[in-house]
Amino acid sequence: MGKNSKTRAVKAHEKKQSNKLFWLIAIPVAALVIKFIVMANTQAGGWLGADGENYLTGVDGLLKDGFFSKEGKLIYWPAGYPIFVWPLAAISISKFVYFIGLIQSTLFAYATFLFTRELTRTKISYLAVATSLLISFNPTLSLITLAVGYEAPVAALLMIAVAFLIKDLHAQSDKFVLRNIFVVALSLSISSFLQPRILLFAVAFILFWYLKKSGRKTRGQLLGLTLALVMLFPSVLIFRNFVANDRATISTNLGVTMRIGAGDDATGGYGVPNTPIPCAPKVKGQEVTDNQIVVCVLKWYVGHPGKAFQLMVNKTFYYWSPWFGPAANGTMARNPWLKVSPLVGMAKSESGNDLIYGGVGKFVSWAWLIGGLLLLASGLIWLWRIGGVERSIAWLAGIPVILGWLTSLGTIGDHRFRIPQMGLSLFLQVAGIYGLGRRFKRPV
């Protein structure tokens, strides 16, 4: 009797897991099919992202002069994304954006499946389907895969990296799983190739991973191999820029970006101040380098702590601000979702504009901003309290989300900068909703 009951329980669990796996496949596939329909009914098959023209200029330079093109856009903006899509342009200029949408959307769907599948192997498996649904059908995050820009592939690669890190957590702490290391490290390497600030996330991931392993030999192997692989693609970018422009750097826009976000007249967002922070070259008559500007900005922050704090508060609000409305601040004017959002259409009339940008709209915008942050915090705290693998998942999801925000504090507050981490932040918000539900659920 007991044996039959146990067998039935096992079969019921297997059936439940099978049904869950079906939905984890079906949801991203359904979203992918919808995107293909959107592509077929959109001129050129997609849209330009915020820096779309700059990336296309970079691609033109690569098509004309090859890998070591001296095109200025390829060193000011990181050349990783233009190089990433360069082969697609070489195949067909007319179908170029279609190819981008096809590859980015497929990669995103696959990454969503991998990430949520790994959640089913933990104590929080019940969050997997809701997480998949929210990631796959979040209007901004999902539709950005049809835009020319680095955000979508980086978002997908970060989910893949976290999925295989979770996978490795189930292995023995002294076990060296080569496949997990290669997938995680190469995902982070390509992400850093597309957007250099991901290197900060990569270092934090590697440090966390190193601390989770036991045994000097295993830790040494992990550290050496992951660092070498992570630096592979960024090193290619540095080598390209050195040969093409005689500058051993990934890009030259960090100092400029930091300078815009600092200074007495700065707001913390875009818009060059009337009196930018002065920065003299080391040798009179020479050009001020990007690294010198970075140092000048850091010195200004140290010398103006009060203004620096005020700017950081502004940047926080800008970074987490809504995509549209009175509290929105950033470079997401080309957000594909805004092309079909009913709120945008409503704002075109006088009464609708008064509603959206008046008291009601301001209340809703700030409630959305603060509510989102509370859910993130709730999700992190709840996962931390569970302990075990789930606590590690809180670390893995929280590292990019928190570091992305901290990076913005040192540069510019822009809501577009949080898109690469959105898959993970949406998962934390799902966890936050469930955690709050459990907290306030009254026993019957």
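For the structure itself, look to the data block above.
As the structure is a prediction and not an experimental result, all values here were calculated from the model.

Draft legend 1. Summary view of the overall build of the protein. Each helix and strand in the protein was counted, giving 20 helices and two strands. Relative to the globule expectation of 22 Å for 444 residues, the C-alpha radius of gyration of the protein, 23 Å, shows essentially globular dimensions. In terms of overall dimensions, the protein has C-alpha extents of about 90 × 65 × 50 Å along its principal axes. Per-residue burial over the protein gives 49% buried out of 444 residues. The contacts of the protein with a sequence gap of at least 6 include a subset with a gap of at least 24, amounting to 75%. If the 44 positive side-chain charges of the protein are averaged to one point and the 19 negative ones to another, these points end up 14 Å apart.

Draft legend 2. Region of interest: the layout of surface pockets. Roughly 1,000 Å³ of volume is contained in the largest pocket. Lining the largest pocket are 37 residues, with S251, T252, N253, L254 and T257 positioned closest to its centre. Those elements that place two or more of their residues in the lining of the largest pocket are α13 (254-260), α14 (290-303) and α19 (388-410). Across the lining of the largest pocket, the residue classes break down as 18 nonpolar, 13 polar and six charged. Forming the walls of the second largest pocket are 34 residues, and the residues nearest its centre are P322, W323, F324, W368 and R418. Put simply, the parts of the chain that give the lining of the second largest pocket at least two residues each are α7 (139-143), α16 (342-347), α17 (350-357), α18 (359-386) and α20 (422-440). With eleven residues, α18 is the largest single contributor of residues to the lining of the second largest pocket. Its residues assigned to classes, the lining of the second largest pocket comprises 23 nonpolar, ten polar and one charged.

Draft legend 3. Region of interest: empty space enclosed by the protein. All told, the structure shown has one cavity of 30 Å³ or more when counted by the stated rule. What the largest cavity holds in volume is close to 70 Å³. In terms of lining, the largest cavity is formed by 13 residues, of which the most central are G49, A50, I144, M332 and R416. Residues belonging to the lining of the largest cavity are distributed by class as follows: six nonpolar, four polar and three charged.

Draft legend 4. Broad picture of unusual backbone geometry. Phi at A44 takes a positive value of approximately 70°, unusual for a residue other than glycine. Although it is not a glycine, D246 sits at a positive phi angle of roughly 60°. Mapped onto the elements of the fold, D246 is located in the loop between α12 (232-245) and α13.

Draft legend 5. Layout of the state of the cysteines. The tally for this structure, following the rule as stated, stands at one disulfide. The residue that forms a disulfide with C279 is C296, at a sulfur-sulfur distance of 2.1 Å. Judged by the torsion about the S-S bond (70°), the C279/C296 disulfide is right-handed. Remark: C296 occurs in helix α14 and C279 occurs in the loop between α13 and α14; sequence separation between them is 17 residues.

Draft legend 6. Here's a closer look at the packing of helix α9 (residues 178-194) against helix α11 (residues 216-230). Between α9 and α11, the least distance of the axes is 8 Å, while the angle of their chain directions is 35°. Crossing handedness for the pair α9 and α11: right-handed. When α9 is examined against α11, the residues L178, I181, F182, A185, L186, L188 and S189 are found in contact with a partner set consisting of L222, L225, T226, L229 and V230. Of the residues assigned to the contact of α9 with α11, the class counts are ten nonpolar, two polar and no charged.

Draft legend 7. Quick peek at the side chain of S189. By secondary structure assignment, the location of S189 is in helix α9. Classification of S189 by relative accessible area gives buried; the value is 0%. A polar atom in the side chain of S189 sits 3.1 Å from the backbone oxygen of L229. For S189, the residues in contact, after removing those within four places along its chain, are L229, V230, M231, L232, F233 and P234.

Draft legend 8. Structural context of α18. The end-to-end C-alpha distance of α18 is 40 Å, a good match for the 40 Å that 28 residues give at a rise of 1.5 Å each. Those residues of α18 that are buried lie in contact with α15 (305-319), α17, α19 and α20. Positive phi shows up at G387, right after α18, with a value of about 80°.

Draft legend 9. The arrangement of the packing of aromatic side chains in detail. Evaluation of the coordinates by the stated rule reveals 16 aromatic pairs. On the numbers, 4.5 Å between centres and 75° between planes, the contact of Y76 with W77 is edge-to-face. You can call W77 buried: its relative accessible area is 18%. Pairwise contacts between aromatic rings join Y55, Y81 and F84 into one cluster.

Draft legend 10. The arrangement of the environment of R219 in detail. Secondary-structure assignment places R219 in helix α11. Considered as a pair, R219 and L298 are 79 residues apart in the sequence and their alpha carbons are 34 Å apart. With near-sequence residues (within four places) excluded, R219 lies in contact with Y210, L211, K213 and S214. Within the structure, R219 has its side chain in polar contact with the backbone oxygen of K213 (distance 2.8 Å).

Draft legend 11. Broad picture of the pattern of salt bridges. Enumeration according to the criterion identifies seven salt bridges in this entry. A salt bridge links R416 to E151; the nearest nitrogen and oxygen atoms lie 2.7 Å apart. One end of the pair, R416, is in the loop between α19 and α20; the other, E151, is in helix α8 (residues 151-169), with 265 residues separating them in the sequence. Accessibility classification places R416 together with E151 in one group, the buried group. Of the charged contacts in the structure, one is a salt bridge between K213 and D168, with a shortest N-O distance of 3.0 Å. Residue K213 is located in the loop between α10 (198-212) and α11, and its partner D168 is located in helix α8; the two are separated by 45 residues in the primary sequence. The pair K213 / D168 is uniform in exposure class, with both members buried.

Cut-offs applied
- Residues numbered from 1 in each chain as written.
- Predicted model: local features only at pLDDT ≥ 70, side-chain atom pairs only at ≥ 80, totals over all residues.
- Heavy atoms only, no water.
- Helix = DSSP H or I, 4+ residues; strand = E, 2+ residues; numbered from the N terminus.
- Rg over C-alpha atoms; globule rule 2.2 N^0.38 Å.
- Buried < 20%, exposed > 50% of the residue type's maximum accessible area, 1.4 Å probe, protein only.
- Contact = heavy atoms within 4.5 Å.
- Lys, Arg positive; Asp, Glu negative; His and termini not counted.
- Charge placed at Lys NZ, Arg CZ, Asp CG, Glu CD.
- 1 Å grid on protein atoms, 1.4 Å probe; cavity = no way out; pocket = protein on both sides within 12 Å on 5 of 7 lines; lining within 4 Å.
- Points joined across faces, edges and corners; volume = space filled by probe spheres on them.
- Nonpolar A, V, L, I, M, F, W, Y, C, P; charged D, E, K, R; others polar.
- Disulfide = S-S within 2.5 Å.
- Axes fitted to C-alpha atoms, helices over the stretch in contact; angles between N-to-C directions.
- Left-handed = near helix turned anticlockwise from the far one by under 90°.
- Polar contact = N/O pair within 3.5 Å; in protein donor to acceptor, adjacent residues only side chain to side chain.
- Expected span 1.5 Å × (residues − 1).
- Phe/Tyr/Trp six-rings, centres within 6.5 Å; stacked < 30°, edge-to-face > 60°.
- Salt bridge = Lys/Arg side-chain N within 4 Å of Asp/Glu carboxyl O.

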